[in-house]
Amino acid sequence: MDVHGTVAEGFEPVRDAFVRNFATLGERGAAVAVYREGQRVVDLWAGTKDVDGTAPWERGTAQVVRSATKGVAAAVLLLLHQRGQLDLDAPVGHYWPEFKARGKERVLVRHVLNHRAGLPVLDRPLTPEQALDPLRGPEAVAAQAPAWEPGTDHGYHALTYGWLVDELVRRVTGQGAGAWLAAQITGPLGLDLWLGLPDAEADRVGRAGRVEGPEPAGGLRSRPKRSVTAAYEDPASLTRRAFAAITPFPDQNDPAYRAAALPATNAIATADGLARFYATLIGDTAGAARLFTPETVALARAEESAGPDRVLVVGTRFGLGYMLHGSASPFLTPGSFGHPGRGGALGFADPESGIAFGYVTNGFRKTVTADPRAQGLVRAVRGVLGL
């Protein structure tokens, strides 16, 4: 396997772990980037651009990152709060009056971010065509009754999170989350990260698909304990219904899907774009000042939800919009915050070490929150730093 790119002195173990992913874990095409104190120390890519192709992955190759999108979208709401445009403790209905229907008057903005809104499912799932309409998803969530008393428990809002975030941003700014992100963050910073892929960038995106490989040693596995398996198999469970809020799920290689903005699932990024995004949240980078104040970083990673997740059926930890380090989703240290993408992608920041990490792949595994390829890379970074 020809691995391209560079690593800074001392970070060679990350390259070794990256090579092992191809040698032993069935990797087809992928990239990883790591920043430390705003400087890039790892920038690697290898394999094929398309999961089922032969053209090589290049420096600028990008991929859909699935639920790693959620960490990107969360930054939009937190920055609006930081700028005084959004109150995290205000009812969602204050900004979005139609949302108050069916017992949702007490759902707060922070409940959207910490997965306590009680709205992980839709009684009437959307078709793929409906899901790509920026009006239909928010309308469906506004008409939905909560599955539990909002604020009293948490459960992963796998798809509905995106419509909740998108409509809040639209009501506050007049723009959807993707347009606001491009205008305020990724455009000015020159990040290769999009929520709503422009036509001009379409040729850079590789074709993604399912791949098989050895079972991971931890996290949510394709051979999980029986209760998790039962939850995914039961059509009436919150688990199954949450992931079926769009039925059938759209083809993630469809140009129309990539061009839409679904803030829960369809951001497209290079590994460097994802890593530099997180690097800029926590510190200055070349040519850019940090985005989050220390107070906002504290909001992102202060534990808001923890324990048994009513949707994922394992213990999860969330801050405001971000997963936190834990057994279901290991990051670098207990102070890290970020978000995995189902089947592979991962982006996170660790303020104490100054590390920001981004990994993208065209091969989706059965893993939900802790892919073994990403975890091997994270362990290598941890070893380099002696953590």
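Novice: Run through the overall build of the protein, naming residues and quoting values.
Specialist: On a plain count of helices and strands, the protein comes out with 14 helices and 14 strands. For 387 residues, the compact-globule estimate of 2.2 N^0.38 gives 21 Å, and the protein sits close to it at 19 Å. Reported as C-alpha extents along the three principal axes, the dimensions of the protein are approximately 55 × 45 × 40 Å. For the protein, buried positions account for 58% of its 387 residues. A sequence separation of at least 24 residues applies to 68% of the contacts in the protein between residues at least 6 apart. Element-wise, carbon and sulfur atoms account for 49% of the exposed surface of the protein, whose accessible area totals about 14,500 Å². Across the protein, the mean location of the 41 positive side-chain charges is 5 Å away from that of the 41 negative side-chain charges.

Novice: Could you give an account of the side chain of Lys70, naming the residues involved and the relevant values?
Specialist: Note on placement: Lys70 falls in helix α2 (residues 69-82). A distance of 3.1 Å separates a polar side-chain atom of Lys70 from the backbone oxygen of Ala264. The residues touching Lys70, leaving out its near neighbours within four places in the chain, are Tyr156, His157, Ala158, Tyr161, Pro263, Ala264, Gly321 and His339.

Novice: Which residues make up the packing of aromatic side chains, and what values go with them?
Specialist: This structure, assessed with the given rule, holds 12 aromatic pairs. Centroid distance Phe18 to Phe22: 5.3 Å. Interplanar angle 80°. Geometry classified as edge-to-face. One end of the pair is Phe18 and the other is Phe22, both in helix α1 (residues 12-24) and four residues apart, which spans about a single turn. Accessibility assignment for this pair places Phe18 and Phe22 in one class, buried. With 5.3 Å between their ring centres and 20° between their planes, Phe331 and Phe348 make a pair best called stacked. Linking Phe331 in the loop between β10 (323-324) and β11 (337-340) with Phe348 in strand β12 (residues 346-350), this pair joins segments that are 17 residues apart in sequence. Classification of Phe331 by relative accessible area gives buried; the value is 0%. Look at Phe348 and you get buried, because its relative accessible area is 1%. The structure contains a cluster of three or more aromatic residues connected by ring pairs, namely Tyr156, Tyr232, Phe243 and Phe318. We note Lys104 situated over the ring of Phe99; from NZ or CZ to the ring centre the distance is 5.1 Å. The cationic tip of Arg342 hangs over the ring face of Phe243; the distance from NZ or CZ to the ring centre is 4.5 Å.

Novice: Describe the pattern of salt bridges, with residues and values.
Specialist: In the structure shown here, the tally under the stated rule is 19 salt bridges. For the salt bridge of Asp43 with Arg59, the shortest nitrogen-to-oxygen distance reads 2.7 Å. You can see Asp43 sitting in strand β3 (residues 39-47) and its partner Arg59 sitting in the loop between β3 and β4 (63-64), a full 16 residues away along the chain. On the basis of relative accessible area, Asp43 is assigned to the buried category, the value being 8%. Look at Arg59 and you get exposed, because its relative accessible area is 53%. Linking Glu352 and Arg301 is a salt bridge whose minimum nitrogen-to-oxygen distance equals 2.8 Å. Highlighted residues: Glu352 in the loop between β12 and β13 (355-361) and Arg301 in helix α13 (residues 294-301), separated in sequence by 51 residues. A single salt-bridge network, built from bridges that share partners, covers Arg40, Asp43, Arg59, Asp272 and Arg276.

Novice: Which residues make up the sheet that holds β4, and what are the values?
Specialist: If you trace the three strands from one edge of the open sheet to the other, you get β4-β7-β5, paired in antiparallel fashion. Two strands close off the open sheet at either side, each with one partner strand: β4 and β5 (193-194). Across two bridges, β5 lies against strand β7 (residues 268-269) in antiparallel orientation. Following the sheet pairing, Leu193 is matched in β7 by Ala269.

Novice: Can you explain the side chain of His154? Please cite residues and give values.
Specialist: Looking at the secondary structure, you find His154 in the loop between α6 (136-142) and α7 (160-173). Here Thr316 takes part through its side chain, which lies 2.9 Å from a polar atom of the side chain of His154. Beyond its immediate sequence surroundings of up to four residues, His154 is in contact with Asn114, His115, Arg116, Trp148, Ser305, Ala306, Gly307, Pro308, Asp309, Arg310, Thr316 and Phe318.

Novice: Help me get a handle on unusual backbone geometry, residues and values and all.
Specialist: Cis geometry marks the peptide bond from Thr247 to Pro248; its omega dihedral reads -10°. Counting through the fold element by element, Pro248 comes out in the loop between α10 (238-243) and α11 (255-259). Within the chain, Arg102 stands out as a residue other than glycine whose phi angle is a positive 60°. Position of Arg102 among the secondary structure elements: in the loop between α3 (92-95) and α4 (109-113). The backbone phi angle of His115 is positive, close to 65°, even though this residue is not glycine. Residue His115 is classed as buried on the basis of its relative accessible area, which comes to 0%.

Calculation rules
- Each chain carries its own residue numbering, running from 1 in the written order of its sequence.
- Only residues with pLDDT of at least 70 get local features here, since the model is predicted, and only at 80 or more are side-chain atom pairs given and counted; chain-wide, interface and lining totals rely on the full set of residues.
- Only hydrogens and water are removed before side-chain values are computed, so all heavy atoms of the structure are retained for them.
- Every helix listed is a DSSP run of H or I at least four residues long, and every strand listed is a run of E at least two residues long, numbered separately from the N terminus.
- C-alpha atoms define the radius of gyration in this analysis, and the globule rule sets the expected value at 2.2 Å times the number of residues to the power 0.38.
- The buried label applies to any residue whose accessible area, calculated with a 1.4 Å probe on protein chains only, is under 20% of its type's maximum; exposed applies above 50%, and partly exposed to all values in between.
- Contact definition: two residues touch when any of their heavy atoms are within 4.5 Å.
- Here the accessible surface of atoms and residues is derived via Shrake-Rupley with a 1.4 Å probe, and residues count as covered only by protein chains that are part of the display.
- Under the convention used here, Asp and Glu are negative, Lys and Arg are positive, and both His and the chain ends fall outside the count.
- Charge positions are represented by NZ for Lys, CZ for Arg, CG for Asp and CD for Glu.
- Residues adjacent in sequence count toward polar contacts only when both atoms are side-chain atoms; beyond that, a polar contact is any pair of N or O atoms within 3.5 Å, and within protein one must be able to donate a hydrogen and the other to accept it.
- Centre distance within 6.5 Å is the pairing criterion for rings of Phe, Tyr and Trp, where only the six-membered ring of Trp is used; planes under 30 degrees apart are then read as stacked, over 60 as edge-to-face, and the remainder as tilted.
- In this scheme, Lys NZ or Arg CZ marks a charge over a ring once it lies within 6 Å of the ring centre and within 35 degrees of the ring normal.
- Counted as salt bridges are all cases of a side-chain nitrogen of Lys or Arg within 4 Å of a carboxyl oxygen of Asp or Glu.
- Should DSSP find at least two bridges between two strands, the strands are taken to pair.

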